Amino acid sequence: MKELVLAPSVSSHIDFASYEGKEIVLTGQIQNLRVLAWGGFIILRLPNYLVQCVVDKAKVAFPLENLAAECTVRLTGTVAPAQIKDKAIWPRGHEIQVSGIVELSRPSVSPLPVDTTKKELNCELHTKFDLRPLTLRHPRERAIFRIAGTIYNEFGESLARAGFTRICSPKIVFSGAEGGANIFKIGYFDRTAFLAQSPQFYKQMMVGVFGRVYEEAPVFRAEEHDTSRHLNEYISLDLEMRLENGFEDIMQVETAVLRDVFARLERDCAPELELLGVTVPKLDKIVTIKFSEAHEIMLKETGKDFRGEKDLDPEEERTVCEYARKTWDTDFVFVTHYPSAKRPFYALDDPENPGETLSFDLLFRGIEITTGGARMYRYEDYVKKMESREMKVELFESYLQAFKYGMPPHGGLGLGLERLTAQVCGLANVKEASLFPRDIKRLEP
Ligand code: AMO
């Protein structure tokens, strides 16, 4: 038996100001190296920082020209105040005056297939994804995923503070929840199973247990189209809750959570937002329009008549968002009362207008980022609706138990993490907000 000494701290946070004038030892990978006549600069990549380290040849014997980007080094040096302009570097108020360098590891290939030392990664999207272990090291890519990670954290923490319990539901499931053909079948011993399209059934069942639940996990969609808004695996941020007043409760909760998320981004991701040249959106009012009004706006703004359509076209989502920006000064529009025909069976129809559901989508800067709504909660209603859709009720009995044994009026939502991240970061393609995107052609890395 060997007992390890308990570390006093495992944090990688460095308060550079408190180290001013003192010696520090930093181990990291070289993001960028500039060798000059008098010595040079090493930009060192640490967990949350890209630190500028200055090497004076007269003081450090190590031959800088032997190093290269992506070498791992241990640097000893003194923390000094600095005024750095490069937005990729953080901190910008301090640098390290190096006194010692130890090389710990170096890449096996030289030169690297993509130059990650440039301000922009000058490569095609497919190259960026093929070389993901390397390209993700670029400061702009790191910024995107620091932002995505912060959204993920705050979504959960904000809901936990509001009394929601985190759940982890199975991803190997007995049936699709969302309807449609975009479901992956997998072999499961001697039968067929599916990859979960959403945690829908499980989060509903768990409302019967906790009243308020959330989940943040991958979901799978066998989308056959290669588009800039679809992934075949994405992170679904889900919540499900008992309703007090109506389906408006869900929009209230989503707005509160998003406000927390944006405040947290402003607080914790200022360097990343600045590097990407974006600001966090303002969400200071809840604007809702009915689905039918969205078609009317489209007609008025573009002359295109989609009024017979049971869903919103991507062009309509863009047009409605532009209209909302100029008319109500907001980047967010809740579109409510989608037609029952286009919503999954579990959606609750509006008792005053059964062709419509008490549901919504949230549009943000031109794209749907959330679907949500109230659900049916009586067993008999499920049976009736499923039969009207020619679904085999007996195949869903394990899920329907929840309703048989009593469920409160409830509802919830699913928010696509990559879509939200892409819109916050101003990315043209949702795949750029996925670490290792899965699309119809891509399964690697
Ligand atoms: P829906 O199928 O609309 O609803 O999905 C919810 C949100 O997930 C995101 N999304 C996607 N993101 C990337 N690639 C895809 N292929 C993709 N498909 C969907 C979108 C979308 O708004 N169970 C319901 C939610 C609920 O009612 O609670 C559901 O999954 O941001």
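Our subject is the structure that appears above.
Here the structure is a predicted model, which is why all the values come from computation and not from measurement. (Residues numbered from 1 in each chain as written. Predicted model: local features only at pLDDT ≥ 70, side-chain atom pairs only at ≥ 80, totals over all residues. Heavy atoms only, no water.)

Participant: Got a sec to walk through the sheet that holds strand 1 (residues 23-36)? Specific residues and values, please.
Facilitator: Reading around the barrel, the five strands line up as 1-2-3-5-4 and close back on themselves, with mixed pairing between neighbours. Taking each pair of neighbouring strands and ignoring which way they run, the sheet shows an average axis angle of 50°. Judged from the seven bridges that link them, strand 1 and strand 2 (residues 39-45) form a sheet pairing that is antiparallel. By the bridge assignment for strand 2, Gln29 is matched with Arg45. (Pairing = 2+ DSSP bridges. Helix = DSSP H or I, 4+ residues; strand = E, 2+ residues; numbered from the N terminus. Axes fitted to C-alpha atoms, helices over the stretch in contact; angles between N-to-C directions.)

Participant: Tell me about the pattern of salt bridges, and name the residues and values.
Facilitator: If the charged atoms of two oppositely charged side chains come close together, the side chains can form a pair. Within this structure, the stated rule accounts for 39 salt bridges. A salt bridge links Arg45 to Glu70; the nearest nitrogen and oxygen atoms lie 2.9 Å apart. One end of the pair, Arg45, is in strand 2; the other, Glu70, is in the loop between strand 3 (50-56) and strand 4 (72-81), and 25 residues separate them in sequence. Taken as a pair, Arg45 and Glu70 share a single burial class, namely buried. The shortest N-O distance in the salt bridge between Arg442 and Asp130 comes to 2.9 Å. Remark: Asp130 occurs in helix 1 (residues 125-130) and Arg442 occurs in the segment after helix 11 (417-425); sequence separation between them is 312 residues. Each of Glu154, Glu157, Arg161, Asp260, Arg264, Arg267 and Asp268 takes part in a single network of salt bridges with overlapping partners. (Salt bridge = Lys/Arg side-chain N within 4 Å of Asp/Glu carboxyl O. Buried < 20%, exposed > 50% of the residue type's maximum accessible area, 1.4 Å probe, protein only.)

Participant: Can you tell me about the site of the ligand, naming the residues and giving the values?
Facilitator: As a structural note, the neighbourhood of the ligand is formed by 22 residues, with Glu178, Lys203, Glu368, Thr371 and Arg375 the closest of them. Tyr346 places a polar side-chain atom, nitrogen or oxygen, 3.2 Å from a nitrogen atom of the ligand. In this structure, an oxygen atom belonging to the ligand sits 3.2 Å away from a main-chain N or O atom of Gly416. Summarising the interface, the protein chains cover 94% of the accessible area of the ligand, which totals 630 Å² for the free molecule. When residues of the shell around the ligand are traced back to their parent elements, those giving at least two are helix 4 (200-210), strand 17 (367-374) and strand 18 (410-416). Of all the elements, strand 17 adds the most residues to the shell around the ligand, at five residues. Here the residues of the shell around the ligand are counted per class, giving five nonpolar, nine polar and eight charged. (Near = heavy atom within 4 Å. Polar contact = N/O pair within 3.5 Å; in protein donor to acceptor, adjacent residues only side chain to side chain. Areas by Shrake-Rupley, 256 points an atom, 1.4 Å probe, with all protein chains shown as cover. Nonpolar A, V, L, I, M, F, W, Y, C, P; charged D, E, K, R; others polar.)

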